[in-house]
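Chain by chain, the residues run as shown.
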Amino acid sequence: MDAVIRVKGLTKQFGQLSVLRGIDCAVQASEVVCVIGPSGSGKSTFLRCLNGLEDASGGEVLVHGVPVHDPRTDVDALRSEIGMVFQRFNLFPH
Ligand SMILES: Nc1ncnc2c1ncn2[C@@H]1O[C@H](COP(=O)(O)OP(=O)(O)OP(=O)(O)O)[C@@H](O)[C@H]1O
Ligand SMILES: [Mg+2]
């Protein structure tokens, strides 16, 4: 069976800042993967690219074989299958 998440040569730049420089990885069903690295190294940017909250500068992200950044992809439907806890989730203070 193919990977649930497959990332191929993912790059992301913010202006001159190159944050993701050609990431390749695959996550299989039931696999637990931790992304670790210093503050500002691009962990959140990477996760945001996985569910299309961030556009990729280059490369490809496939979730269940569906290309996340393809304009023909129904990204809302895709996100209904992807859970995410935001780093700053801005809940009501009460
Ligand atoms: N929308 C944006 N515009 C410009 N630069 C950004 C943007 N989002 C993130 N960055 C920059 O990209 C780099 C990676 O940020 P990111 O938030 O992905 O890091 P992180 O590994 O999640 O850090 P932390 O451990 O502090 O959560 C940082 O230099 C950050 O300032
Ligand atoms: Mg972060």
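Check the entry above for the structure.
Cut-offs applied
Residues numbered from 1 in each chain as written. Chains lettered and ligands numbered in written order. Predicted model: local features only at pLDDT ≥ 70, side-chain atom pairs only at ≥ 80, totals over all residues. Heavy atoms only, no water. Helix = DSSP H or I, 4+ residues; strand = E, 2+ residues; numbered from the N terminus. Buried < 20%, exposed > 50% of the residue type's maximum accessible area, 1.4 Å probe, protein only. Contact = heavy atoms within 4.5 Å. Areas by Shrake-Rupley, 256 points an atom, 1.4 Å probe, with all protein chains shown as cover. Lys, Arg positive; Asp, Glu negative; His and termini not counted. Charge placed at Lys NZ, Arg CZ, Asp CG, Glu CD. Patch = residues over 30% accessible without salt bridge, like charges linked within 9 Å, V, L, I, M, F, W, Y side chains within 5 Å. Salt bridge = Lys/Arg side-chain N within 4 Å of Asp/Glu carboxyl O. Donors = N, O, S within 2.8 Å, 3.2 Å for Na, K, Ca; no water.

Our next topic: the overall build of the chain. Looking only at helices and strands, one finds two helices and four strands in the chain. Secondary structure elements of the chain, listed N to C terminal, follow the sequence β-β-α-β-β-α. The C-alpha extent of the chain, read off along each of the three principal axes, is 45 × 35 × 30 Å. In the chain, which comprises 94 residues, the proportion classed as buried is 28%. When contacts within the chain are restricted to residue pairs at least 6 apart in sequence, those whose partners lie at least 24 apart make up 47%. As displayed, the chain offers around 6,800 Å² of accessible surface, 54% of which is attributable to carbon and sulfur atoms. In the chain, 9 positive and 10 negative side-chain charges are present, and the distance between their average locations comes to 8 Å.

Right, let's talk about a nonpolar patch on the surface for a bit. Residues Leu53, Val85, Phe86, Phe89 and Leu91 make up a contiguous nonpolar surface patch of roughly 540 Å² in combined accessible area. On the secondary structure map, Leu53 appears in the loop between α1 (43-50) and β3 (58-63).

Let us look at the coordination of the magnesium ion (ligand 2). The coordination sphere of the magnesium ion (ligand 2), as far as protein atoms go, consists of Ser44 (OG) and Gln87 (OE1), spread over 2.0 to 2.1 Å. You can see Ser44 sitting in helix α1 and its partner Gln87 sitting in the segment after α2 (75-79), a full 43 residues away along the chain. For Ser44, a relative accessible area of 33% translates into the label partly exposed. Exposure remark for Gln87: the relative accessible area of 63% places this residue in the exposed category.

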